[in-house]
Amino acid sequence: MNRPPRPHADVDAILFDEAAIARRVEEIAAAVNAAQDGRELTVVGVLTGACAFTADLIRRLDMPMLLDFIAVSSYGQSTTTSGVVRLNKDLDIPLEGRDVLVVEDIVDTGLTLQYLRENLLARRPRSLRIAVLLDKRSRRQVEVPVDYIGFEIPDVFVVGYGIDYAGRYRNLPYVATLKPEVYS
Ligand code: IMP
């Protein structure tokens, strides 16, 4: 039987290796810990891309913490600026009166985070902050306030550390670009 190649074989360049990501996650966690000062925090991980970032970040947080996940998908983000985002899985816990930290993998045009921010703010949290692992600043179409940024990256498509291409490569432990032939 023909097996597909192992994910590492499709990697072109590693942008951030495991050690670099771990260091940055530690720094972001320290900033969140300092800002929160022991008060309870509700972490909202955005599925599925932020799974690894969320899992690593929460293990560095030192306050009482609740964890929930939300799933959204955006339509035609490369062909339209309509910003239509669909909620695929809602939270199980109410946010009213809570300090909320949204954890997302990538902010690109900003449309997904803008939708999420407005949707979550409507639930009247006490505060709402946003952490993203990767920021494609040059691609932004709408400004969204992001409180914690892992790394700024150029306009390249990346995978790994939870981030996918066509559902795959999430299990790579680093953030990388793929060989051009993978897309053809
Ligand atoms: P935005 O709404 O344009 O900001 O898009 C953000 C979402 O697009 C992210 O949460 C990712 O799911 C996806 N995305 C953007 N860039 C990449 C990439 O380079 N690789 C994989 N997914 C990406």
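This text gives an overview of the structure that appears in the document. Source: prediction; values computed, not measured. (Residues numbered from 1 in each chain as written. Predicted model: local features only at pLDDT ≥ 70, side-chain atom pairs only at ≥ 80, totals over all residues. Heavy atoms only, no water.)

The subject of this paragraph is the sheet that holds strand β3 (residues 65-74). Across the sheet, which stays open at both edges, the six strands sit in the order β4-β3-β2-β5-β6-β7 with mixed pairing between neighbours. Since the sheet does not close on itself, it has two edges, and those belong to β4 (85-89) and β7 (148-152), each with one partner. If you compare each strand with its neighbour and ignore which way they point, the axes differ by 25° on average. Pairing between strand β2 (residues 41-47) and strand β5 (residues 99-107): four bridges, direction parallel. Within β5, the residue paired with V43 across the bridge is L101. (Pairing = 2+ DSSP bridges. Helix = DSSP H or I, 4+ residues; strand = E, 2+ residues; numbered from the N terminus. Axes fitted to C-alpha atoms, helices over the stretch in contact; angles between N-to-C directions.)

Moving on, we come to the environment of P180. Along the chain, P180 falls in the segment after β8 (175-178). Its relative accessible area of 56% is what places P180 among the exposed residues. The spatial distance from the C-alpha of P180 to the C-alpha of V100 is 39 Å, given a sequence separation of 80 residues. (Buried < 20%, exposed > 50% of the residue type's maximum accessible area, 1.4 Å probe, protein only.)

A full pass over the atoms with the stated rule returns four aromatic pairs. Here F157 and Y183 contribute two aromatic rings whose centre-to-centre distance is 6.2 Å and whose plane-to-plane angle is 90°, an arrangement assigned as edge-to-face. Of this pair, F157 sits in the loop between β7 and β8 while Y183 sits in the segment after β8, and the two are 26 residues apart along the sequence. Taking relative accessible area as the criterion, F157 reaches 39% and is therefore assigned partly exposed. For Y183, a relative accessible area of 35% translates into the label partly exposed. With centroids separated by 4.8 Å and ring planes inclined at 70°, the aromatic side chains of Y165 and Y183 adopt a geometry described as edge-to-face. With Y165 in the loop between β7 and β8 and Y183 in the segment after β8, this residue pair connects regions lying 18 residues apart in the sequence. (Phe/Tyr/Trp six-rings, centres within 6.5 Å; stacked < 30°, edge-to-face > 60°.)

Here we take up the pattern of salt bridges. Note that side chains of opposite charge can pair when their charged atoms are close. Following the criterion strictly, the structure yields 15 salt bridges and no others. Measuring nitrogen to oxygen at the nearest pair gives 2.9 Å for the salt bridge that ties D99 to R126. Separated by 27 residues along the polypeptide, D99 in strand β5 and R126 in the loop between α3 (111-121) and β6 (127-135) bring together distant segments of the chain. Judged by relative accessible area, D99 falls into the buried class, the value being 5%. One salt bridge connects D164 with R170, and the closest N-O pair in it is separated by 3.6 Å. (Salt bridge = Lys/Arg side-chain N within 4 Å of Asp/Glu carboxyl O.)

It is worth spelling out helix α1 (residues 18-36) at this point. Counted at 1.5 Å a residue, the expected span for α1 with its 19 residues is 27 Å, and the 26 Å between its end C-alpha atoms agrees. Every buried residue of α1 is listed here: A20, I21, V25, I28, A29, V32, N33 and Q36. Following α1 by one or two positions, D37 has its phi on the positive side, about 50°. (Expected span 1.5 Å × (residues − 1).)

Examined against the element boundaries, F69 turns out to sit in strand β3. Using a relative accessible area of 24% as the deciding quantity, one classes F69 as partly exposed. Residues F69 and G45, 24 residues apart in the sequence, show an inter-C-alpha distance of 4.7 Å.

For the ligand, the set of nearby residues contains 16 residues, the closest of which are D105, T109, T112, K136 and V158. In the environment of the ligand, an oxygen atom lies 2.4 Å from a nitrogen or oxygen atom belonging to the side chain of T109. Between the ligand and G110 there is a distance of 2.8 Å, counted from an oxygen atom to a backbone nitrogen or oxygen. Relative to its unbound accessible surface of 490 Å², the ligand loses 88% to contact with the protein. Among the elements of the structure, β5 and α3 are those that each provide at least two residues to the shell around the ligand. A total of four residues in the shell around the ligand trace back to one element, the largest contributor, which is β5. Partitioned by chemical class, the residues of the shell around the ligand number seven nonpolar, four polar and five charged. (Near = heavy atom within 4 Å. Polar contact = N/O pair within 3.5 Å; in protein donor to acceptor, adjacent residues only side chain to side chain. Areas by Shrake-Rupley, 256 points an atom, 1.4 Å probe, with all protein chains shown as cover. Nonpolar A, V, L, I, M, F, W, Y, C, P; charged D, E, K, R; others polar.)

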